[in-house]
Amino acid sequence: MRLDRIDFAILRELRKNARLPNKNLAERVGVAPSTALERVRRLREHGAITGYHAEIAPAAVGIGLQAMISVRLARHSREDLDAFHAYLLTMREVLAFYHVAGANDYLLHVAVADSDHLRDFALDAFTTRPEVAHIETSLIFTFRRNPDVPIYRAEDDE
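Presented here is a report on the structure given in the accompanying data block. (Residues numbered from 1 in each chain as written. Predicted model: local features only at pLDDT ≥ 70, side-chain atom pairs only at ≥ 80, totals over all residues. Heavy atoms only, no water.)

**Thoughts on the nonpolar core**
Residues Phe84, Tyr106, Leu108 and Phe126 are the most contacted members of the largest nonpolar core, which totals 21 residues. If you list the elements that add at least two residues to this core, you get β1 (65-73), α4 (78-88), β2 (94-99), β3 (106-112) and α5 (115-126). Looking at which element gives the most residues to this core, the answer is β1, with five residues. In contact with Tyr106, not counting residues within four places along its chain, are Ile69, Ser70, Val71, Leu73, Leu81, Phe84, His85, Leu88, Phe97, Tyr98, His99 and Val100. Of all hydrophobic cores here, the second largest spans 15 residues; its members include Ala26, Val29, Ala36 and Ile49. (Core = buried A, V, L, I, M, F, W, Y, C linked by side-chain atoms within 4.5 Å. Buried < 20%, exposed > 50% of the residue type's maximum accessible area, 1.4 Å probe, protein only. Helix = DSSP H or I, 4+ residues; strand = E, 2+ residues; numbered from the N terminus. Contact = heavy atoms within 4.5 Å.)

Okay, here's the thing in structure tokens:
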């Protein structure tokens, strides 16, 4: 799918506020409401928009501590990677994970109730796994999501 400047404007606005009413979205990007609605439908159908999410205040749901856990695997077979990936998807404490290049293989963003929960989670979830060789934990003091979206393709390159 080839995106134009209006598509990019729509994506930027929805990234900032996915609940933006269609009428307001249309006004902000300078198109008719019917055009905005059709563009959003097309962006969803072609996979440019993959979902809509709510930002939740961590304290409201009992999250008192967040951390990044670096994980180094002992082996790098396809089976070990696939198994570890599937395992991470089963843990509610894991908010997001990244398979990365470098000294470590995975970087996990985790959310827990407190430091005891973090210690127990790290020990129980990772040190018992045969494919895990090393873990390192860094506490997160502040987390903010950037509401903007980087654009790396020329918007009007036609």
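**Brief notes about the pattern of salt bridges**
Evaluation of the coordinates by the stated rule reveals twelve salt bridges. Of the charged contacts, one joins Asp120 and Arg119 as a salt bridge, the two residues approaching to 3.3 Å between their closest N and O atoms. Across the pair Arg129 and Glu131 runs a salt bridge whose closest N-O atoms are separated by 2.8 Å. Owing to a relative accessible area of 4%, Glu131 belongs among the buried residues under this scheme. One network of salt bridges, with partners in common, ties together Asp4, Asp7, Arg39 and Arg42. (Salt bridge = Lys/Arg side-chain N within 4 Å of Asp/Glu carboxyl O.)

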